Amino acid sequence: MSFDTLRQSAHVSQGARSLRRELRASSAPSLAPARGPIDWIAVALLMLAATFVFFWNLTASGYANEFYSAAAQAGSKNWEAFLWGSLDAGNAITVDKPPASIWLMALSVRLLGLSSFAILLPQALMGVTCTYLLYATVRRVWGNAGGIVAGIVFITAPVAALMFRFNNPDALLILLMLSAAACVLRGLELPADRHGNRMRTRWYAVAGLLIGLGFLTKQFQVLLVLPGFGLAMLLLSPTTWPRRLLDAVVALGAMVVGAGWWVALTVLVPSGSRPYFGGSQTDSFIELTFSYNGLGRLTGNETGSVIPGASEALNGACQGGMWGETGLFRLWTSDFGDQITWLAPIAFAAIILGLIAATPAKRGQVYFGRFYLDKRGGEAGLDTVAHIRRAQVVIFGAWLVVTWLVFSFMAGIFHAYYTAALSPAIAVLVAICGASLLELRNRSWMPNITGLLIAITSAWDMALILRSGSFVWLGVCIGVIGVVAGLALCIIGFWMQDCLPTTWPLTLKHGARGVATIGIVALLAGPIVWTTCTISTGHTGSIVTAGPGDSMSGGGPGGNGATPDGGSSLLGGTSANDSLVELLTQNASGYRWAAATTGSQNAASYQLASELPVMAIGGFNGSDPAPTLDEFKVYVAQGLIRYYIASGGMGGGMGGTQMGGSSAASEIAEWVAQNYTAQTIGNTTVYDLQEQ
């Protein structure tokens with residue numbers, strides 16, 4: 001080796017060492033407190049509990065929402081169906097959402113085969129992942145115990161336990177929003193030097209990509225977290241204003257890229273070369289985004305919907321239809337309350353308490369028994385800790401407030417399980433509230449505020465339980481114990497108001513802690529029981545709720561999900577009898593579509609039972625012009641469809657009326673009945689479209 005080569009190698013090595021030193025000097029210190037054996041044991045127990053909640057009795061729900069299960073089955077058989085989120089492998093029509101959540105289920109089914117476990121496995125894994133993300137995010141600046149509290153509150157939220165064991169898109173949406181929030185917070189931790197600015201921009205870009213994928217999961221709902229992200233990025237970033245604006249532009253650009261590539265495909269690929277976009281009236285994903293799944297959800301003007309929302313005035317008054325009255329107190333006063341609002345009073349209080357506690361700590365202050373240490377054993381910047389605390393309050397506080405207000409006033413389709421989107425915000429804020437009260441324990445008013453929160457929240461939990469009509473005795477116990485414990489803390493606080501809590505006699509301190517512990521146990525009793533009921537039974541259909549009651553119903557309010565043998569419901573689907581499945585598998589396996597029927601839920605039931613593609617005429621509500629009567633006649637003439645299976649018609653099983661949309665499904669049913677011979681298979685009327 002020549003001298004010049006050695007000299008060049010030395011220069012490269014020296015440059016690499018200099019770069020490493022620069023990166024170490026400019027990288028942000030770890031804000032997370034050290035973990036001792038007890039902390040590691042607590043984390044392990046939390047993750048075991050999360051695994052139990054999200055995996056135990058998982059397959060009791062069968063295929064859960066067969067609408068999405070059928071799309072996953074189709075995607076596992078056909079890559080074109082995978083790309084578009086088609087309901088069937090023949091690619092007649094897509095589901096009425098973008099396909100991101102279906103991609104994961106389809107890959108699971110392709111790997112493990114079609115089964116309930118393969119369909120629900122991705123959602124359960126997402127639940128466990130979200131639990132750890134919440135723990136890790138809160139722990140960084142509020143301590144190990146704060147992270148544990150966030151995880152506990154999340155896994156005991158009844159609607160979270162429901163949706164992370166169910167195959168609707170909400171599970172993936174929540175994971176993506178929470179991951180994006182964690183990325184924004186990690187970016188805010190970095191210093192304002194050159195390397196810190198670059199890394200912050202990268203964190204923001206990743207957050208933008210995740211939001212873009214969230215759009216491909218459930219469209220505009222993912223944007224509800226953006227106000228909090230924007231406030232934190234623009235107001236709390238440590239860098240200069242020009243750099244803040246550049247970071248925001250990069251994040252928005254990444255968001256557009258994350259969603260735009262697939263949206264561009266929907267525009268560039270012409271109709272006829274892809275499946276029809278379910279839920280739209282013009283075969284347009286853009287229309288679906290801004291109408292049925294967009295502004296229509298806010299205004300109630302959802303063309304093609306079978307279930308009326310706010311767009312139809314009854315007796316001259318605009319209402320929320322079967323989705324409940326809109327207004328500021330909608331989630332408090334309606335049947336949505338016991339899904340998510342058990343600890344909501346504490347979460348809202350945390351926005352104020354968290355900002356009070358998020359002040360620069362004194363040098364050497366101990367929190368949860370641990371110093372904030374960086375990786376090199378030095379004390380991390382306490383100003384940075386306070387800074388990120390404020391950012392967490394802003395991000396998750398805005399998440400809670402904005403989402404709560406939108407859910408309260410949206411006049412269109414609104415299901416109780418939508419409130420699962422509030423669960424991460426409530427979990428984080430409840431943990432912040434507890435950590436803040438401990439941080440502020442030297443304030444004279446702290447015992448009074450703690451007691452007041454326990455009393456108010458316990459009274460609210462009692463009201464939720466009494467209103468439900470289940471476990472009334474539990475509600476009374478929670479109310480009495482919680483209110484008494486809360487008032488006892490208030491009395492102690494007023495009695496000792498001239499003394500700081502840290503100077504109280506030891507006996508009084510232990511007594512106050514014991515009373516507070518009893519109150520906290522009372523607060524958790526309600527959601528734990530509701531969550532236990534949720535995971536103890538299966539849930540099927542399109543409309544599911546958490547808690548005690550007939551959880552198998554899914555066809556609508558008071559509905560029965562899948563109807564008995566031969567019956568059908570557009571929202572609950574049907575139960576395919578063995579004779580019909582045998583007919584399809586023996587005589588229709590060579591056709592592009594083994595059968596056609598009205599409504600996606602009905603088609604999904606037959607498709608999952610036979611594992612053959614079944615055309616869903618009219619899409620989810622049976623009101624999409626897909627296919628038209630003329631198109632259907634062409635399919636039949638070309639020998640692409642073997643059977644037509646009669647259904648219950650528009651709004652079957654729901655008692656609803658169709659709000660506009662197409663009448664193609666009814667026209668096809670009439671044409672088939674007039675031109676083909678009906679035969680009864682079990683209790684189902686079937687027409688052979690290829691009869692000779």
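Residues numbered from 1 in each chain as written. Predicted model: local features only at pLDDT ≥ 70, side-chain atom pairs only at ≥ 80, totals over all residues. Heavy atoms only, no water.

Participant: When you look at the overall build of the protein chain in this model, what are you seeing that I'm missing?
Facilitator: When its secondary structure is counted, the protein chain shows 25 helices and 9 strands. Within the protein chain, the proportion of its 692 residues that are buried is 57%. Counted over contacts in the protein chain with a minimum sequence separation of 6, partners at least 24 positions apart contribute 72%. When the accessible surface of the protein chain is split by element, carbon and sulfur atoms take 64% of a total near 26900 Å². (Helix = DSSP H or I, 4+ residues; strand = E, 2+ residues; numbered from the N terminus. Buried < 20%, exposed > 50% of the residue type's maximum accessible area, 1.4 Å probe, protein only. Contact = heavy atoms within 4.5 Å. Areas by Shrake-Rupley, 256 points an atom, 1.4 Å probe, with all protein chains shown as cover.)

Participant: Teacher, can you tell me more about the packing of aromatic side chains here?
Facilitator: Any aromatic ring pair is given by two values, namely how distant the centres are and how the planes are angled relative to each other. Tallied over the entire structure, the rule returns 34 aromatic pairs. Aromatic side chains F414 and Y418 sit 5.6 Å apart centroid to centroid with 70° between the ring planes, which places their arrangement in the edge-to-face category. What makes Y418 buried here is its relative accessible area of 5%. Here the aromatic residues W84, F215, F220, W262, F277, F285 and F290 are joined through ring pairs into a cluster of three or more. Seen from the ring of W40, R35 lies directly overhead, with NZ or CZ sitting 4.0 Å from the centre. Positioned above the aromatic ring of W79 is the side chain of R110, whose terminal nitrogen or guanidinium carbon lies 3.9 Å from the ring centre. (Phe/Tyr/Trp six-rings, centres within 6.5 Å; stacked < 30°, edge-to-face > 60°. Lys NZ or Arg CZ within 6 Å of the ring centre and 35° of its normal.)

Participant: Just checking my understanding: could you explain a nonpolar patch on the surface for this structure?
Facilitator: On the surface, L466, V472, V476, V480, I481, V484 and I518 cluster together into a nonpolar patch covering about 560 Å² of accessible area. With respect to the secondary-structure elements, V480 resides in helix 20 (residues 472-495). Its relative accessible area of 47% is what places V480 among the partly exposed residues. (Patch = residues over 30% accessible without salt bridge, like charges linked within 9 Å, V, L, I, M, F, W, Y side chains within 5 Å. Salt bridge = Lys/Arg side-chain N within 4 Å of Asp/Glu carboxyl O.)

Participant: Can you walk me through the sheet that holds strand 9 (residues 684-688) in this structure?
Facilitator: Two orientations exist for strands paired in a sheet by backbone hydrogen bonds: parallel and antiparallel. If you trace the 5 strands from one edge of the open sheet to the other, you get 6-5-7-9-8, paired in mixed fashion. Across the chains shown, the open sheet's two edge strands, defined by having one partner strand only, are strand 6 (614-617) and strand 8 (678-681). In this sheet, neighbouring strand axes are inclined to one another by 30° on average, regardless of whether the strands run parallel or antiparallel. Pairing analysis gives 4 bridges linking strand 5 (residues 593-598) to strand 6, with the strands arranged parallel. In the sheet register, A596 faces strand 6, and the bridge partner there is M615. (Pairing = 2+ DSSP bridges. Axes fitted to C-alpha atoms, helices over the stretch in contact; angles between N-to-C directions.)

Participant: Is there a simple way to think about unusual backbone geometry in this case?
Facilitator: Excluding glycine, residues mostly carry a negative phi; peptide bonds, for their part, are mostly trans. Along the chain, A626 connects to P627 via a cis peptide bond; the corresponding omega equals -10°. For P627, the position within the fold is in the loop between strand 6 and helix 24 (629-637). Residues other than glycine seldom take positive phi values, yet N91 does so here, at roughly 60°. Tracing the backbone shows N91 in the loop between helix 4 (79-84) and helix 5 (100-112). The exposure class of N91 is buried, given its relative accessible area of 9%. The phi dihedral of D283 falls on the positive side, at around 60°, and the residue is not glycine. Mapped onto the elements of the fold, D283 is located in the loop between helix 12 (241-268) and helix 13 (285-299).

Participant: Can you walk me through the pairing of strand 8 in this structure?
Facilitator: Looking along a regular strand, one sees the side chains alternate between the two faces of the sheet. Of the strand pairs in this sheet, strand 8 and strand 9 are connected by 4 bridges, and their pairing is antiparallel. Residue Q679 lies in a different strand from strand 9, and its bridge partner there is V686. In sequence, strand 8 turns back onto strand 9 through a hairpin of 2 residues, with G682 there showing a positive phi of about 65°.

Participant: Is there a simple way to explain the nonpolar core in this structure?
Facilitator: Most often, soluble globular proteins keep nonpolar side chains buried together rather than apart. With 169 residues, the main nonpolar core has F54, F154, F164, F229, F396 and F407 as its most contacted residues. Looking at this core, the element that brings in the most residues is helix 9 (residues 170-189), giving 14 residues. Among residues more than four places away in sequence, those in contact with F396 are T137, L178, A181, L185, P424, A425, V428 and L429. Ranked by size, the runner-up nonpolar core spans 18 residues in total, among them F632, V636, I641 and L689. (Core = buried A, V, L, I, M, F, W, Y, C linked by side-chain atoms within 4.5 Å.)

Participant: Can you walk me through the environment of V686 in this structure?
Facilitator: Here V686 lies in strand 9. Note on V686: relative accessible area 0%, which makes it buried. V686 sits 106 residues away from L580 along the chain, and the two C-alpha atoms are 8.7 Å apart. Here V686 is in contact with L580, L583, Y643, Y644, T677, A678, Q679 and I681, once residues within four sequence places are set aside.

Participant: Would you explain a negative patch on the surface in this entry?
Facilitator: Together, D630, E631, E667 and E670 make up a region of like negative charge exposed at the surface. For the negative patch, the secondary-structure elements that each account for two or more residues are helix 24 and helix 25 (664-675). Of note, E667 is situated in helix 25. Overall, the relative accessible area of 35% leaves E667 in the partly exposed class. (Lys, Arg positive; Asp, Glu negative; His and termini not counted. Charge placed at Lys NZ, Arg CZ, Asp CG, Glu CD.)

Participant: Teacher, can you tell me more about the pattern of salt bridges here?
Facilitator: One pass over the full model with this rule turns up 8 salt bridges. Ionic pairing is found between R140 and E189, a salt bridge with its closest N-O pair at 2.7 Å. Remark: E189 occurs in helix 9 and R140 occurs in helix 6 (residues 116-142); sequence separation between them is 49 residues. Here R140 and E189 have matching classes, each one buried. Of the charged contacts in the structure, one is a salt bridge between D283 and R274, with a shortest N-O distance of 2.9 Å. Each member of the pair, D283 as well as R274, is classed as buried. Each member of the salt-bridge network shares a partner with another, and the members are R140, R186 and E189.

Participant: What exactly am I supposed to notice about helix 13 here?
Facilitator: Each full turn of the α-helix corresponds to 3.6 residues, which orients residues three or four apart in the same direction. In helix 13, a bend of some 25° at S291 exceeds every other bend along the element. Within helix 13, the full set of buried residues consists of F285, L288, T289, Y292, N293, G294, G296 and R297. Check the buried side of helix 13 and you find it contacts helix 10 (194-218) and helix 12. One side-chain oxygen of the residue at the start of helix 13 lies 3.3 Å from the amide nitrogen of I286, identifying that residue as S284. (Bend = angle between axes of the 7 residues up to and from the residue. Polar contact = N/O pair within 3.5 Å; in protein donor to acceptor, adjacent residues only side chain to side chain.)

Participant: Even after reading the chapter, I still don't get the pairing of strand 9, so can you show me in this structure?
Facilitator: Most of strand 9 is tucked away: 4 of the 5 residues are buried. Here strand 7 (residues 641-645) pairs with strand 9 via 3 bridges, running antiparallel. Each residue of the ladder has a partner; that of I645, found in strand 9, is V686.

Participant: Any chance you could explain the environment of S237 here in plain terms?
Facilitator: One can find S237 in the loop between helix 11 (226-235) and helix 12. With a relative accessible area of 4%, S237 lands in the buried category. Measuring from C-alpha to C-alpha, the distance between S237 and L185 comes to 9.7 Å, with 52 residues separating the pair along the chain. Non-local contacts of S237, meaning those with residues more than four positions away in its chain, are made with L188, R200, Y204, A232, R244 and H387.

Geometric values such as these leave the question of function open.
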